[in-house]
Structures are given as structure tokens and as C-alpha cells.
Amino acid sequence: MRINIGVLPGDGIGPEVTAQAIKALKAIAGEYNHTFNFKSAAVGAIAIDETGSPLPKATLDLCKASDAILFGAIGHPKYDNDPSAKIRPEQGLLALRKALGLYANIRPVKAYEALVHKSPLKEEIITGADMLIFRELTGGIYFGEKQLSEDGNMASDLCIYTRSEIERITHLAFKAAEGRRKKVTLVDKANVLESSRLWRKIVTEIAAEYKNVTLDFLFVDNAAMQMILNPNQFDIILTENMFGDIISDEASVIGGSIGLLSSASIGGKTGLFEPIHGSFPQATGEGIANPLASILSAAMLLSHFGLTEEAKRIEQAVDKSLELDITTSDINSNGSPVSTEQVGNFIEDFIYFSEDTNLNFKNIHLGQSTII
């Protein structure tokens, strides 16, 4: 298969982790006889510095011409710490989602057996947790009309949802549930918000079309608590834009690190695949950033094109890296963390030699031994 992939490394650790995802994809292409073409462009703070825009026209044109986009991270303290800034890096990502019609964000959350001890939650609570969060991505309060009074003492953000916006992501969530444990939990605030009441009404109507899927409801405050008390109750979580942003970040503690959470944004012709972590500017260039979320996002890219065996190979490589503790300092448990690049090198090597059963597997695949 030939896939044209637009690469937007972005800011902070974005370029470092994205480089490891590309390394994994190139290994897959070589092993499975695919052709993946990569073209890069600027987005976020670096694009503002270069062009004055967080999403330059050239970047958007590249994205529209690509089959898929591999995204790094955006953000910089000089914008985060300046509330008066009119142009912000995040505006580039929001504009890109809107321009490409990426209305559904899918975030897998999984408790990896090798990492349950790293979570601040009790092992018996999180063991076996495995869910997909479907977050609506192009509507709601993030895109509603924003107003600030002339004296600067009053502000408002309008939250708007239409029937069509709710229907299209709801169908995706229920179809996904049919292939999993057949349960959808709608997270809303229908006891307070009119927009949530519309969500609940429409989702209930659509649920009748999926006879073998159970629909459950949770207010977002209760859902946040239940995520910590009993994450195993969730299969598919369906929710609106802001609630999904918050809930999915909370869920990162289940896996042991936000550096493990990948995502896919789909809906239009071109899908976008990115880790959900931020740009982590303090770690830029230090070689300590966890690339696994970016690498798992590459696996989601492959799955999007029906390359399930290839995606599974990357997932197996990640599982093996966790099993052998070939990990960065955020999740390493043996006191000997490896660098961002070394994790990527291991994933690449595993893709090529996944059947290797040598007892000295760890050292060989880290390039620390000549015993074959």
C-alpha cells in the first residue's frame, strides 16, 4: 500500500517523539512491502515564529493533499503565560481539525499489565481496564462565539451543538461498541446544560438502532469519580468536546503515564494521529520524552487503513518494551531508563526481528551485545 503522510512535528518534544513514530512506520513499510511517503511542515509556536500564523497556508495545503497526518505536539510557555496573546499555538490545531472535518477523536485507554504498579491507583482497581473514549472534536464551547466586555470584566463562551454533529459521532461510537464489549456510556451534564439534554435525547434515539449495545448515562462529575473508583465498568465513553478533553487526560493515570496515550482524529478524507500529551517544553532536547504514545498513534494510523497485522506488530513491540522495562524515566521501574531514541530503536528492531527468542533479547535489541 502507498500512503502519503503529512508530518507536523510541532513544538517542544513533538519533533523527538514523532521521529520515533516515523522510524517505526519505515520499519513496517520495509517489513511488509509498503510505501510510506513523508512530507513535513510547521505548525504551532514554531510556525508563529516563522510565519506569524499557527497554521500557515502551506501546512494546511500539505495536510489536505495527504492521506494521513502524523502530529507531534504544540505549545510554548511564552504563549501559555501570556493571557493577552491574540495568536496562540493551539489555534493551529483547532483550525486544522475544523478545516479537515475531523469531528471524532478516539482515545484508547488501557491498563498495561507491566505498568499497573506505576499507577497511583490500586492494582486491583485498574487491572484489566480497557476503554475507548469518543470525543466530539469540532463543536461545543471550544468553537462557540467568545466575547469579552470592553472593560475586560466580563467574558462568555457559547456552547452550541447541532443534531447532525451529535448523530455522526454517536453512530461511530455504537459501531465500535458492537466489536467490543457492547456498552456505550454517554458522559454529559444533562441536569444543568441544555446542550447536554440535546445530546441525551439524540443518543437515546440512535441507541434504539443498535439492539445489542447497552446505553448508560453518567454526569461528567460522577464519571470523573467513577474513572478512579471502577474504570473496568467502561467500554466506550461518548462525550462532547470539553468533557472529553478532561476525562481522557484523567484516564491517563490508568496506564501509568500520559506518555502512553495515543489518539486518532477522523471524519474527513484525511485522518490525524497524535499523542495526547503536550509539548513538555522543559524536556525539549533532553532525550527523556516518552515516544510510545506517538508510536502507538502510528499504529492507529495503520489500523485506519486496514493494516491490522502491521498495527498489531507495533503494539506487540510496545508491549515487549514495557515487559523488558526498555522505557524512559517516566515509567521505568528498574532505575535504568533509556533515551527517547533508544526506545524508538528497540521498537524498530522488534518490528524486524519479532520472532527472536534469544535469551539475551534485551541487550541484543538495545545494541549492547554482539552475541547473536
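Visitor: Explain the overall build of the protein chain to me, please; I cannot follow it from the model alone.
Guide: When you go through the protein chain residue by residue, the secondary structure sums to 14 helices and 12 strands. By the compact-globule yardstick of 21 Å for 372 residues, the protein chain fits well, its C-alpha radius of gyration being 21 Å. Seen along its three principal axes, the alpha-carbon backbone of the protein chain occupies a region of about 65 × 50 × 40 Å. When the 372 residues of the protein chain are sorted by exposure, 52% land in the buried category.

Visitor: Is there a simple way to think about helix α10 (residues 241-255) in this case?
Guide: Residues spaced three or four apart along an α-helix face the same direction, because each turn holds 3.6 residues. The terminal C-alpha atoms of α10, which comprises 15 residues, lie 22 Å apart, in line with the 21 Å expected from a rise of 1.5 Å per residue. Restricting attention to buried positions, one finds in α10 the residues Asn241, Phe243, Gly244, Ile247, Ser248, Ala251, Ser252, Ile254 and Gly255. Capping the start of α10 is the job of one residue whose side-chain oxygen sits 2.9 Å from the backbone nitrogen of Met242: Glu240. Of the residues flanking the end of α10, it is Gly256, one or two places downstream, whose phi is positive at about 100°.

Visitor: Can you walk me through the packing of aromatic side chains in this structure?
Guide: When we look at a pair of aromatic rings, we describe it by the centre distance and by the angle of the planes. The tally for this structure, following the rule as stated, stands at four aromatic pairs. For Lys98, the ring lying beneath its charged end belongs to Phe143, and the centroid distance is 4.6 Å.

Visitor: Looking at this structure, how should I read the pairing of strand β3 (residues 68-73)?
Guide: Within a regular strand, the side chains alternate between the two sheet faces. The buried count for β3 comes to six of six residues, which makes it a mostly enclosed element. Taken together, the five bridges between strand β1 (residues 2-10) and β3 define a ladder with parallel strand orientation. Bridging from a neighbouring strand, Gly10 pairs with Ala73 of β3. For β3 and strand β12 (residues 271-275), the ladder comprises three bridges, and the chain directions are parallel. The residue of β12 that forms the bridge with Ile69 is Leu272.

Visitor: Sorry, what's going on with the packing of helix α1 (residues 14-32) against helix α12 (residues 308-323) here?
Guide: The axes of two packed helices give the description: the angle between them and the distance between them. Remark: α1 packs on α12, axes separated minimally by 11 Å, with the N-to-C direction vectors making an angle of 130°. By the angle between their directions, the pair α1 and α12 is classed as oblique. Crossing hand, α1 versus α12: right-handed. For the pair α1 and α12, the contacting residues are Ala24, Ile28, Glu31 and Tyr32 in the first and Glu309, Glu310, Arg313 and Ile314 in the second. Each residue belonging to the contact of α1 with α12 can be placed in one class, and the counts come to four nonpolar, no polar and four charged.

Visitor: What is the right way to read the sheet that holds strand β10 (residues 236-239) from this model?
Guide: The pairing of strands in a sheet comes from backbone hydrogen bonds and takes either a parallel or an antiparallel form. With mixed pairing, 10 strands are arranged side by side in an open sheet as β2-β1-β3-β12-β11-β4-β5-β10-β8-β9. The outermost strands of the open sheet, each flanked by one partner alone, are β2 (35-40) and β9 (214-219). Put simply, the sheet's adjacent strands are angled 25° from each other on average, direction ignored. Docked against the sheet, α10 engages β4 (104-110), β5 (130-136), β8 (183-188) and β10, running at close to 160° with respect to β5.

Visitor: Please clarify how unusual backbone geometry should be interpreted in this entry.
Guide: A positive phi angle is found at Asn33, which is not glycine, with a value near 60°. Among the structural elements, Asn33 can be located in the loop between α1 and β2. Positioned with a positive phi, Lys182 is a non-glycine residue whose angle comes to about 60°. Within the fold, Lys182 resides in the loop between α7 (163-178) and β8.

Conventions used here
Residues numbered from 1 in each chain as written. Predicted model: local features only at pLDDT ≥ 70, side-chain atom pairs only at ≥ 80, totals over all residues. Heavy atoms only, no water. Helix = DSSP H or I, 4+ residues; strand = E, 2+ residues; numbered from the N terminus. Rg over C-alpha atoms; globule rule 2.2 N^0.38 Å. Buried < 20%, exposed > 50% of the residue type's maximum accessible area, 1.4 Å probe, protein only. Expected span 1.5 Å × (residues − 1). Polar contact = N/O pair within 3.5 Å; in protein donor to acceptor, adjacent residues only side chain to side chain. Phe/Tyr/Trp six-rings, centres within 6.5 Å; stacked < 30°, edge-to-face > 60°. Lys NZ or Arg CZ within 6 Å of the ring centre and 35° of its normal. Pairing = 2+ DSSP bridges. Axes fitted to C-alpha atoms, helices over the stretch in contact; angles between N-to-C directions. Parallel < 35°, antiparallel > 145°, perpendicular 65-115°, else oblique. Left-handed = near helix turned anticlockwise from the far one by under 90°. Contact = heavy atoms within 4.5 Å. Nonpolar A, V, L, I, M, F, W, Y, C, P; charged D, E, K, R; others polar.

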